[in-house]
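# A look at the structure
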Amino acid sequence: MCLSIEVNDMATAVYPGSFDPVTLGHMDIIERTARMFDHVIIGVLQNNSKTPLFSVEERVNMIKSITSHLENIEVRSFDGLLVDFVHQCRADVIVRGLRAITDFEYELQMAQTNRVIAPEIDTIFLTTNLKYSYLSSSIVKEIAEYEGDISEFLHPVIAARVREKLEERRRLT
């Protein structure tokens, strides 16, 4: 006997992250989430404790440009507590991507904490495609800093923006 799971009518999910820059691993999770939920809000975190390569506005615009083929995607920035943002979005679910077992421990701790703060919000974990399991924005930025080839890791539009941004930084220093 096979059990089927139906997503609630008009279910909304939030996929949060810093997306600095958005990678093909992120896109894998975004596209799969878009098939699972009626409405997906990509929450781009404004994290004041980090120095991002791109401003939050640039990250939002880049994600919008490469997700325009997905009709049920919305991209917004946020700061503060994730559960507060999820409430503002009237969402039911937080989606988190997992690359490896090392991600799981941290993500589980965050999911459990969010569940205590907001028991009505669930977190689901999606494992990324194996071909992206090693990939992170930090690794991509490091490769790009040394002028390595990042084309296998990023959408072509994003790869071009990373190279442009790093060239701008080099000119200013």
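Summary of the structure given here. Keep in mind that this is a model prediction, so the values were computed, not measured. (Residues numbered from 1 in each chain as written. Predicted model: local features only at pLDDT ≥ 70, side-chain atom pairs only at ≥ 80, totals over all residues. Heavy atoms only, no water.)

## Describing the environment of Glu-58
When you line up the elements, Glu-58 lands in helix 2 (residues 56-66). In this structure the C-alpha to C-alpha distance between Glu-58 and Asp-20, which are 38 residues apart in sequence, comes to 9.5 Å. (Helix = DSSP H or I, 4+ residues; strand = E, 2+ residues; numbered from the N terminus.)

## A closer look at helix 2
Along an α-helix, residues three or four apart share an orientation, since each turn contains 3.6 residues. For helix 2, the complete set of buried residues consists of Val-56, Arg-59, Val-60, Met-62, Ile-63 and Ile-66. Burial along helix 2 is one-sided: seen end-on, the buried residues are contained in an arc of 165°. Packed against the buried residues of helix 2 are helix 1 (24-36), strand 2 (39-45), strand 3 (73-78) and helix 6 (156-172). (Buried < 20%, exposed > 50% of the residue type's maximum accessible area, 1.4 Å probe, protein only. Arc of directions from axis to C-beta. Contact = heavy atoms within 4.5 Å.)

## Here we look at the packing of helix 2 against helix 6
The interhelical angle for the contact between helix 2 and helix 6, taken along N-to-C directions, is 155°, at an axis separation of 10 Å. Judged by the angle between their axes, helix 2 and helix 6 are roughly antiparallel. For the pair formed by helix 2 and helix 6, the contact residues are Glu-58, Met-62, Ser-65 and Ile-66 on the first element and Val-157, Ile-158, Arg-161 and Lys-165 on the second. A breakdown of the residues in the contact of helix 2 with helix 6 according to their chemical character gives four nonpolar, one polar and three charged. (Axes fitted to C-alpha atoms, helices over the stretch in contact; angles between N-to-C directions. Parallel < 35°, antiparallel > 145°, perpendicular 65-115°, else oblique. Nonpolar A, V, L, I, M, F, W, Y, C, P; charged D, E, K, R; others polar.)

## A few points about the environment of Val-93
Examined against the element boundaries, Val-93 turns out to sit in strand 4 (residues 93-98). Among the residues examined, Val-93 registers a relative accessible area of 10% and is labelled buried. Between the alpha carbons of Val-93 and Asp-122 there is a distance of 4.8 Å; along the sequence they are 29 residues apart. Those residues within four positions of Val-93 in sequence are excluded, and the remaining contacts are Thr-12, Ala-13, Val-14, Phe-37, Asp-122 and Ile-124.

## Examining the pattern of salt bridges
On inspection of all chains with the given rule, the structure shows eleven salt bridges. Among the salt bridges present, the one from Arg-96 reaches Glu-107, with a minimum N-O distance of 2.8 Å. With a gap of eleven residues between them, Arg-96 in strand 4 and Glu-107 in helix 4 (residues 101-117) connect regions that are remote in the sequence. Side by side, Arg-96 and Glu-107 carry an identical accessibility label, which is buried. The closest approach of N and O atoms between Arg-99 and Asp-103, which form a salt bridge, is 3.0 Å. In the salt-bridge network here, residues are joined through shared partners; they are Glu-58, Arg-161, Glu-164 and Lys-165. (Salt bridge = Lys/Arg side-chain N within 4 Å of Asp/Glu carboxyl O.)

Any link to function would need more than the numbers given here.
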